[in-house]
Amino acid sequence: MTGQMRMFIALQPPAVLRAAIRQGFAPVRTLAPRARWVSADNIHLTLKFLGDVDAGALPSLDVRLGQVAADHSPFDVLVAGAGTFPAGGRARVIWGGTVTGQDEAVALARAVDRTVSHLGFEPERRPMQTHLTVARVGPDGLSGAAHAAIAGLRAVSWGGFSATEMLLMQSLLRPAGPIYSVVERYPLTGGRLAP
């Protein structure tokens, strides 16, 4: 394998939950038709966006991610609620939130960030807010009605899943939207959380 690949590390809910999340946002979708809605196949919880990765870096990356996964145990995630980044005003992202599993996901993301920074990847500067992106909003922003519809979903529970593995994903950018594929799976087999 040669060249560069656009990559990220993520947790992915099962297909039935991804479909439920997408369907649950249908009322918002009708009020924000110009937003770019994420397909159910692509809904995930990002632990670390890597950007363009040289194929030559993959063996070292593979070893380090395997070590991180071996240090972390599976955990339950409950996906619930909705919101935007930034909150209100000129929203750029519409998301589904997490109620349980936040601490574990943040600990895992920090461990991933620490280990890949040793390979030259830029460390995260912002605190992690666990979420699943469901849409990206264009420069026109959202209408008041769309914001109200999102607010109406704040108390909705979409469902839960057990995070048993983290995934190294490749993103192929296409005009119709990105195509994500799993490059490698890393089972969470350890018995502790990173501090």
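Everything below is about the structure printed above this text.
Asks: Just checking my understanding: could you explain the pattern of salt bridges for this structure?
Replies: For side chains bearing opposite charge, pairing can occur when the charged atoms are close. In this structure the tally under the stated criterion is five salt bridges. Linking Arg 34 and Asp 140 is a salt bridge whose minimum nitrogen-to-oxygen distance equals 2.8 Å. On the criterion of sequence distance, the pair formed by Arg 34 in the loop between α2 (26-31) and β2 (36-37) and Asp 140 in the loop between β6 (131-136) and α5 (144-151) is long-range, its members being 106 residues apart. With respect to burial, Arg 34 and Asp 140 carry one shared label: exposed. Of the charged contacts in the structure, one is a salt bridge between Glu 122 and Arg 125, with a shortest N-O distance of 2.9 Å. When sorted by exposure, Glu 122 lands in the same class as Arg 125, which is exposed. Beyond isolated ion pairs, a larger network of salt bridges with shared partners links Lys 48, Asp 113 and Glu 124.

Asks: Honestly, the layout of surface pockets in this entry has me stumped. Any pointers?
Replies: Gaps left between atoms are located by rolling a probe of water-molecule size over the structure's atoms. As a volume, the largest pocket reaches approximately 1,400 Å³. Taken together, 34 residues form the lining of the largest pocket, with Thr 46, Phe 49, His 131, Thr 133 and Arg 136 sitting closest to its centre. Of all the secondary-structure elements, those providing two or more residues to the lining of the largest pocket are β1 (4-11), β2, β3 (45-54), α4 (102-117) and β6. Across the lining of the largest pocket, the residue classes tally to 16 nonpolar, nine polar and nine charged. Reported here for the second largest pocket is a volume of approximately 160 Å³.

Asks: Looking at this structure, I do not really get α5. What am I missing?
Replies: The periodicity of an α-helix, 3.6 residues per turn, causes residues three or four places apart in sequence to face the same way. Among all positions of α5, only Ala 146, Ala 149 and Ile 150 are buried. Taken down its axis, α5 places every buried residue within 100° of arc, on the same side. Contacts from the buried residues of α5 go to α2, β4 (75-85) and β5 (93-100).

Asks: What should I look at first to understand the nonpolar core in this one?
Replies: Generally speaking, a soluble globular protein has its nonpolar side chains buried in company with each other. One finds Phe 25, Ile 94 and Met 166 to be the most contacted residues of the largest nonpolar core, which totals 51 residues. It is α4 that contributes the most residues to this core, six residues altogether. The contact partners of Ile 94, leaving out residues within four places of it in the chain, are Phe 25, Val 28, Trp 37, Gly 83, Thr 84, Leu 132, Thr 133, Val 134, Ala 135, Val 137, Leu 142 and Ile 150. Core analysis: the next-biggest nonpolar cluster, separate from the first, contains five residues, Phe 8, Ala 10, Leu 167 and Tyr 180 among them.

Asks: Just checking my understanding: could you explain the packing of aromatic side chains for this structure?
Replies: Given two aromatic rings, their pairing is described by the distance between the two centres and the angle made by the two planes. Scanning all chains against the criterion turns up three aromatic pairs. Ring geometry for Phe 8 and Tyr 180: centres 5.0 Å apart, planes at 70°, overall edge-to-face. Here Phe 8 is found in strand β1, whereas its partner Tyr 180 is found in strand β9 (residues 179-187), with 172 residues between them in sequence. A cation over an aromatic ring shows up here: Arg 29 above the ring of Trp 37, its NZ or CZ 5.9 Å from the ring centre.

Asks: Looking at this structure, how should I read the sheet that holds β5?
Replies: Either a parallel or an antiparallel arrangement is found when strands of a sheet pair, and the pairing is made through backbone hydrogen bonds. The strand order across the open sheet built from five strands is β2-β6-β5-β4-β7, with neighbouring strands paired in antiparallel fashion. At either end of the open sheet lies a strand with only one pairing partner, and these are β2 and β7 (157-163). Here two bridges tie β2 to β6, and the two strands are oriented antiparallel to one another. Bridge pairing in β6 links Arg 36 to Arg 136. Packed onto the sheet, helix α1 (residues 15-24) meets β2, β4, β6 and β7 and runs at close to 155° relative to β7.

Asks: Even after reading the chapter, I still don't get the environment of Ala 82, so can you show me in this structure?
Replies: Locating Ala 82 in the fold gives a position in strand β4. Non-local contacts of Ala 82, meaning those with residues more than four positions away in its chain, are made with Phe 25, Trp 95, Gly 96, Ile 150, Leu 153 and Arg 154.

Asks: What is the right way to read unusual backbone geometry from this model?
Replies: Residues other than glycine predominantly adopt negative phi, and peptide bonds predominantly adopt the trans conformation. In this model, Phe 85 is joined to Pro 86 through a cis peptide bond whose omega is -15°. One can find Pro 86 in the loop between β4 and β5.

Asks: Looking at this structure, I do not really get the packing of helix α3 (residues 58-70) against α4. What am I missing?
Replies: Helix packing for two helices is described by the angle between their axes and how far apart those axes are. Put simply, α3 and α4 touch, their axes get as near as 10 Å, and they point 150° apart. One element, α3, and the other, α4, form an angle in the roughly antiparallel class. The crossing of α3 and α4 is right-handed. Contacts between α3 and α4 involve Leu 61, Arg 64, Leu 65 and Val 68 from the first element and Leu 108, Ala 111, Val 112, Thr 115 and Val 116 from the second. For the contact of α3 with α4, the residue count by class is seven nonpolar, one polar and one charged.

About the thresholds
- Residues numbered from 1 in each chain as written.
- Predicted model: local features only at pLDDT ≥ 70, side-chain atom pairs only at ≥ 80, totals over all residues.
- Heavy atoms only, no water.
- Salt bridge = Lys/Arg side-chain N within 4 Å of Asp/Glu carboxyl O.
- Helix = DSSP H or I, 4+ residues; strand = E, 2+ residues; numbered from the N terminus.
- Buried < 20%, exposed > 50% of the residue type's maximum accessible area, 1.4 Å probe, protein only.
- 1 Å grid on protein atoms, 1.4 Å probe; cavity = no way out; pocket = protein on both sides within 12 Å on 5 of 7 lines; lining within 4 Å.
- Points joined across faces, edges and corners; volume = space filled by probe spheres on them.
- Nonpolar A, V, L, I, M, F, W, Y, C, P; charged D, E, K, R; others polar.
- Arc of directions from axis to C-beta.
- Contact = heavy atoms within 4.5 Å.
- Core = buried A, V, L, I, M, F, W, Y, C linked by side-chain atoms within 4.5 Å.
- Phe/Tyr/Trp six-rings, centres within 6.5 Å; stacked < 30°, edge-to-face > 60°.
- Lys NZ or Arg CZ within 6 Å of the ring centre and 35° of its normal.
- Pairing = 2+ DSSP bridges.
- Axes fitted to C-alpha atoms, helices over the stretch in contact; angles between N-to-C directions.
- Parallel < 35°, antiparallel > 145°, perpendicular 65-115°, else oblique.
- Left-handed = near helix turned anticlockwise from the far one by under 90°.

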